[in-house]
Number of protein chains: 2
Amino acid sequence: METKQLRVNGKRLQSTLEDMAKIGATPNGGVQRLALSDEDKQARDLFVKWLRQIDLEVRIDEMGNIFGFRKGKDNDLPPVMSGSHIDSQPKGGRFDGILGVMGALEVMRVLHENKIETKRPMAVVVWTNEEGTRFAPAMQCSGVWADALDRDWIYGRTDINGLRFEDELMRIGYKGETPAQKSDVHAYYEYHIEQGPVLERKGITIGVPKGIVCLHWYDIYLEGEANQVGPTPMEGRHDALCAAAQMILKVNELPSRMGGNLVATVGELQNEPNSRNIIPDKVHFTVDLRSWDDELAIKAWELVKCDFEDIAKERGCPIRIEETWRVEHSPFDSKLVQNILDASDSLEYSSLHMVSGAGHDASYMNQIAPTAMIFVPSIGGRSHVEVEDTKWEDCEAGANVLLHSMLQSANE
Amino acid sequence: METKQLRVNGKRLQSTLEDMAKIGATPNGGVQRLALSDEDKQARDLFVKWLRQIDLEVRIDEMGNIFGFRKGKDNDLPPVMSGSHIDSQPKGGRFDGILGVMGALEVMRVLHENKIETKRPMAVVVWTNEEGTRFAPAMQCSGVWADALDRDWIYGRTDINGLRFEDELMRIGYKGETPAQKSDVHAYYEYHIEQGPVLERKGITIGVPKGIVCLHWYDIYLEGEANQVGPTPMEGRHDALCAAAQMILKVNELPSRMGGNLVATVGELQNEPNSRNIIPDKVHFTVDLRSWDDELAIKAWELVKCDFEDIAKERGCPIRIEETWRVEHSPFDSKLVQNILDASDSLEYSSLHMVSGAGHDASYMNQIAPTAMIFVPSIGGRSHVEVEDTKWEDCEAGANVLLHSMLQSANE
């Protein structure tokens, strides 16, 4: 058969996603399938059963990462791989992660039923604990596999009940024999929902991120002077919450001020003593900056840091700033990105060259192998919430793009 | 003896205050003497001992309010009364409340040792649980006595460990026999630290509040849209914390905008989900407005409420506003206020006609009897904190003013 004519089975993809959505289903239409929970195990068991139905060779490594291998003509060549994660946020959605796994499974099913032989071997993969909400941090087991995180450190991570990662991995029966150790990968594709509103707003079907933006995390600590509000005149107050409010607005205005591609957010804030009749004397808040342009992000930070210091001085609220975490932007492999753009064109889907604002397992894979991602629209841009949704026709479109991008890489 | 020459014993006042400060002393120089705690009992026992030493008739009512009565020439006339509270904030100061009790005790000691006979009887009083931090609300037992609060409702109030007010009152042995029921009072004077910086800034010794400001409490609830910060562009965000930040600054600017005597504070704020990489979608904050001018406070609120609604609309963050509590300003008895001003003049202390920004037991007494207050400077305006402080010479000055104001009322 001429592979150019191949298409995924949209109805089958929808039905597998619907079956998965039953596992850990929440009352408001989302899923809760925390890493290494009973629901995670149930979804893994179903996935492994489906891998075996199409004769894939199943390997489970010591981190619980699940691989389904499909032989090629020359099995000495490094494989073409695709996958994502099965775990979800608490009260998360039915698409985040699982779409990339079911999409890659659907690709394998199409190749299997059409008896397609590729030059290189192929693999579908589930990475354990991408979300990091039960055991922090995120993207743990792609991180171990790619040699960026330490296996035993991850084993020792505990959840809020003090349960250890390794114990829970064994409990659900997914601590495998295979070492979690990187091997050569010819190409890694990850198919995912966008988790933002850009594609929907522009009416575009396929998003093709050129890479993942840089990420800066800062922690700001302000001190004020607590006093009873009634007898304390406005003049001479040192109100740490007012200082924080000014700073929050400076952060919010930063992207338009920089005139560039940047998002800036204050997501977390603690206020003390947090009593309605005492002037706040201790405020902590966070700043999250992301941009494709590392220089721009640093320049923005330097600017807003000056603003912070001016505001702190003006209000008489001493400030302490921690530069908590900085990750540089990470460009994907340009050849793979082009493969995805080409596949979209030949399938006659509209596509957009964009950036990924969120981290994914692809972030770690990008450190060790040619990597790229395929996005499809999130309805209303909503993600990590129960109402997270994506049109079935878009799920199908993304899987078709994945199929042809993988075929392109697998036959070269 | 000509009473005009009478003066309190400043050293003795200092020493009684220092003795009291040992009970519940905290490492950083404050006190922690929560209502109905062992420390409260210990301080009460000492106070009652001191009352008996100068032959005052001690009565303890069913709320634990302690009265020390001193006979006059005509004991059918309503008494002149003065007092405050023995309980403190957690990690509170050595002057809040207790200065008014020890000041009134010192007045009684001076009258006793000088064998002064007054026309009317006099009384010193300790009101149970003024602070309201262990059992909310504040000013409970002056409230019951003045018939503004219900006795059995107060009895049933519980602390964070579920202990009942009445049980704790009995445990420390201060549930008395006398009904907590108002009787005629000819004049009630309360001597207290200012708890604000006005007197110190102006270099004035005696503050004479013309009354207590009005108090408005509002609760604001904002809704935004939670989304992952990375993939969500700035445009189209509904960030509830940014909306709150704008509103907090509007509140802070309100007093200068109104050009009048007003304080406006946001003391409490809750932010959800309070995660550094999720846009906040639920924010609650409080507004506290106080002014001598009820009309001005209402006008200010109407203005800032419009601002809130505009900001909420502009940011697409639905707002819900609760008008939680409004108490009108409460003017003190002008004759008593004049007595205090006159006493300050004749004692050659500088004095300032001002307002009280905080509530006191005097608030409830003001509903049933001619009432006024005497303030002395708080160093740095600090109060409800361990560093709360007042100069000993100012403590003595305030007690002298109290002595002569009480004598004035007691002989008419």
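Cut-offs used in this document
- Residues numbered from 1 in each chain as written.
- Chains lettered and ligands numbered in written order.
- Predicted model: local features only at pLDDT ≥ 70, side-chain atom pairs only at ≥ 80, totals over all residues.
- Helix = DSSP H or I, 4+ residues; strand = E, 2+ residues; numbered from the N terminus.
- Rg over C-alpha atoms; globule rule 2.2 N^0.38 Å.
- Buried ≥ 20, exposed ≤ 12 C-beta atoms within 10 Å, placed from the backbone.
- Contact = placed C-beta atoms within 7 Å.
- Domains from an automatic or database assignment.
- Least-squares fit on C-alpha atoms with pLDDT ≥ 70 in both.
- Core = buried A, V, L, I, M, F, W, Y, C linked by C-beta atoms within 7 Å.
- Expected span 1.5 Å × (residues − 1).
- Nonpolar A, V, L, I, M, F, W, Y, C, P; charged D, E, K, R; others polar.
- Pairing = 2+ DSSP bridges.
- Axes fitted to C-alpha atoms, helices over the stretch in contact; angles between N-to-C directions.
- Parallel < 35°, antiparallel > 145°, perpendicular 65-115°, else oblique.
- Left-handed = near helix turned anticlockwise from the far one by under 90°.
- pLDDT = per-residue confidence, 0-100.

### Description of the overall build of chain A
Reasoning step 1: Helix and strand counts for chain A come out as 12 helices and 14 strands.
Reasoning step 2: Taken over the C-alpha trace, chain A has a radius of gyration of 24 Å; the compact-globule value for 412 residues is 22 Å, and the two agree within 12%.
Reasoning step 3: Its C-alpha atoms put chain A at 85 × 45 × 40 Å along the principal axes.
Reasoning step 4: Relative to its 412 residues, chain A shows a buried fraction of 56%.
Reasoning step 5: Summarising the internal contacts of chain A: among those between residues at least 6 apart in sequence, 79% fall at separations of at least 24.

### Observations regarding the domain arrangement of chain A
Reasoning step 1: Each domain of chain A was delimited in the assignment, giving domain 1 (3-212 + 329-410) and domain 2 (214-327).
Reasoning step 2: Relative placement of domain 1 of chain A and domain 2 of chain A: their C-alpha centres are 37 Å apart.

### Side note on the relation of the copies chain B and chain A
Reasoning step 1: Of the two same-sequence chains, chain B is brought onto chain A (RMSD 0.1 Å, axial shift 0.1 Å) by a rotation of 180°. The symmetry that links the two subunits is that of a two-fold axis. By C-alpha distance to the rotation axis, the residue of chain B lying nearest is B:A245, at 2.2 Å.
Reasoning step 2: Here 100% of the contact residues of chain B are again contact residues in chain A; the copies associate through an equivalent surface.

### Concerning the nonpolar core
Reasoning step 1: If you look at the biggest cluster of nonpolar residues, it comprises 245 residues, and the most contacted ones within it are A:A244 and B:A244.
Reasoning step 2: In this structure, B:A244 is in contact with B:L222, B:L269, B:V283 and B:F285, ignoring residues within four places of it in sequence.

### Topic: helix α3 (residues 98-113) of chain A
Residue and element names in this part refer to chain A.
Reasoning step 1: Taking 1.5 Å of rise per residue, 16 residues should cover 22 Å, and α3 covers 22 Å from first to last C-alpha, within 8% of that figure.
Reasoning step 2: Buried residues dominate α3, accounting for 14 of its 16 residues.
Reasoning step 3: Just downstream of α3 lies K115, where phi reads positive at about 50°.

### Some details on the interface of chain B and chain A
When the parts come together, some accessible area is lost, and that loss is often what is quoted as the size of the interface.
Reasoning step 1: Taken together, the contact between chain B and chain A spans 50 residues of the former and 50 residues of the latter.
Reasoning step 2: If you list the elements that add at least two residues to the side of chain B that touches chain A, you get α8 (240-258), β8 (262-265), β9 (269-272) and β10 (282-291) of chain B.
Reasoning step 3: The dominant element in the side of chain B that touches chain A, judged by the number of residues it contributes, is α8(B), at 8 residues.
Reasoning step 4: Taken together, the residues that form the side of chain B that touches chain A break down as 23 nonpolar, 20 polar and 7 charged.

### Some details on helix α11 (residues 361-368) of chain B
In an α-helix, one full turn covers 3.6 residues, which means residues spaced three or four apart are oriented alike.
Residues and elements named next belong to chain B.
Reasoning step 1: Counting buried residues along α11, 6 of its 8 residues qualify, which places the element largely inside the surrounding structure.
Reasoning step 2: Buried residues of α11: D361, A362, S363, Y364, M365 and N366, and no others.
Reasoning step 3: As for α11, its buried residues are in contact with β3 (80-84), α4 (140-145), β5 (187-193), β6 (206-212), β12 (330-331) and β14 (371-376).

### Here we look at unusual backbone geometry
Reasoning step 1: With an omega dihedral of -5°, the bond running from B:A136 to B:P137 counts as a cis peptide bond.
Reasoning step 2: By secondary structure assignment, the location of B:P137 is in the loop between β4 (122-126) and α4.
Reasoning step 3: The peptide bond linking B:E272 to B:P273 adopts the cis configuration, its omega dihedral lying at -5°.
Reasoning step 4: Checked against the element boundaries, B:P273 lands in the loop between β9 and β10.
Reasoning step 5: Positive phi, normally seen in glycine, also occurs at A:M139, with a value near 55°.
Reasoning step 6: Tracing the backbone through its elements, the reader meets A:M139 in the loop between β4 (122-126) and α4 (140-145).
Reasoning step 7: Looking at A:M139, the number of C-beta atoms within 10 Å reads 24, which means it is buried.
Reasoning step 8: Notably, A:E348 is not glycine yet its phi reads approximately 60°, a positive angle.
Reasoning step 9: Within the secondary structure layout, A:E348 lies in the loop between α10 (334-346) and β13 (351-356).
Reasoning step 10: Classification of A:E348 as exposed rests on a count of 8 C-beta atoms within 10 Å.

### Considerations on the pairing of strand β5 (residues 187-193) of chain A
Residues and elements named next belong to chain A.
Reasoning step 1: β5 sits mainly inside the fold: 7 of its 7 residues count as buried.
Reasoning step 2: Here β5 shows a buried face lined by A187, Y189, Y191 and I193 and a second buried face lined by Y188, E190 and H192.
Reasoning step 3: By the bridge criterion, 3 bridges tie strand β3 (residues 80-84) to β5 in an arrangement that is parallel. Residue pairing across strands places S82 opposite Y189, the latter belonging to β5.
Reasoning step 4: Where β5 lies against strand β14 (residues 371-376), 6 bridges are found, and the strand directions are parallel.

### Some remarks on the packing of helix α1 (residues 10-22) of chain B against helix α12 (residues 392-410) of chain B
Residue and element names in this part refer to chain B.
Reasoning step 1: Running from amino to carboxyl end, α1 crosses α12 at an angle of 110°, the nearest separation of the two axes being 9 Å. Considering the angle they form, α1 stands roughly perpendicular to α12. The two elements α1 and α12 meet at a crossing, and its hand is right-handed. Listed contacts from α12 to G10, L13, Q14 and L17 of α1 are W392, C395, E396 and A399.

### What about the confidence of the model for chain A?
Reasoning step 1: When the pLDDT values of chain A are averaged, the result is 96; 100% of them are 70 or greater.
Reasoning step 2: Interface predicted TM-score (ipTM) for the complex: 0.86; the corresponding pTM is 0.86.

### Some words on the pairing of strand β8 (residues 262-265) of chain A
Residue and element names in this part refer to chain A.
Reasoning step 1: Here β8 shows a buried face lined by L262 and A264 and a second buried face lined by V263 and T265.
Reasoning step 2: Where β8 and strand β10 (residues 282-291) come together, 4 bridges link them in antiparallel fashion. Bridging from a neighbouring strand, A264 pairs with L289 of β10.

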